[in-house]
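# Breakdown of the fold
In case you want the letters, here they are:
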Amino acid sequence: MASLRCGQLSGFAAAVLFGCSAPLISTFTASGSSLSIAGLLYAGATLALAIVRLMKGRTQDESPLQSR
């Protein structure tokens, strides 16, 4: 139950941060187009997730596939 609550809070925090990021970036870059802002957001998210994955390492959370 605790992991479910942690996942829900993480999802909510991610949604709030994503919703706040676009208006915040557009105030800092007045000449930036919405496409470049979206590209920066996705590039930043990719970089952050890559760093987390490298720090956490590969884990075998799921059971492996087995042929019958």
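A few points on the structure.

Let's shift gears to the overall build of the protein chain. When helices and strands are counted, the protein chain shows 2 helices and 0 strands. A buried classification covers 3% of the 68 residues belonging to the protein chain. Element-wise, carbon and sulfur atoms account for 68% of the exposed surface of the protein chain, whose accessible area totals about 6400 Å².

Next up on the list: the environment of Ala 45. Positionally, Ala 45 belongs in helix H2 (residues 34-56). Each C-alpha atom, one on Ala 45 and one on Phe 18, is 10.0 Å from the other, the two residues being 27 residues apart in sequence.

Moving on: helix H1 (residues 2-28). The terminal C-alpha atoms of H1, which comprises 27 residues, lie 38 Å apart, in line with the 39 Å expected from a rise of 1.5 Å per residue. Ser 21 marks the point of greatest bend in H1, at about 30 degrees, and the proline Pro 23 comes within the next four residues.

A separate point is a nonpolar patch on the surface. Residues Leu 47, Ile 51 and Met 55 make up a contiguous nonpolar surface patch of about 350 Å² in total accessible area. Note that Met 55 resides in helix H2. Among the residues examined, Met 55 registers a relative accessible area of 70% and is labelled exposed.

Between its first and last C-alpha, H2 extends 33 Å over 23 residues, near the 33 Å set by a 1.5 Å rise per residue. Residue Gly 57 follows H2 closely and has a positive phi angle near 85 degrees.

Rules behind the numbers
Residues numbered from 1 in each chain as written. Predicted model: local features only at pLDDT ≥ 70, side-chain atom pairs only at ≥ 80, totals over all residues. Heavy atoms only, no water. Helix = DSSP H or I, 4+ residues; strand = E, 2+ residues; numbered from the N terminus. Buried < 20%, exposed > 50% of the residue type's maximum accessible area, 1.4 Å probe, protein only. Areas by Shrake-Rupley, 256 points an atom, 1.4 Å probe, with all protein chains shown as cover. Expected span 1.5 Å × (residues − 1). Bend = angle between axes of the 7 residues up to and from the residue. Patch = residues over 30% accessible without salt bridge, like charges linked within 9 Å, V, L, I, M, F, W, Y side chains within 5 Å. Salt bridge = Lys/Arg side-chain N within 4 Å of Asp/Glu carboxyl O.

All quantities given are derived from atomic positions and should not be read as evidence of function.
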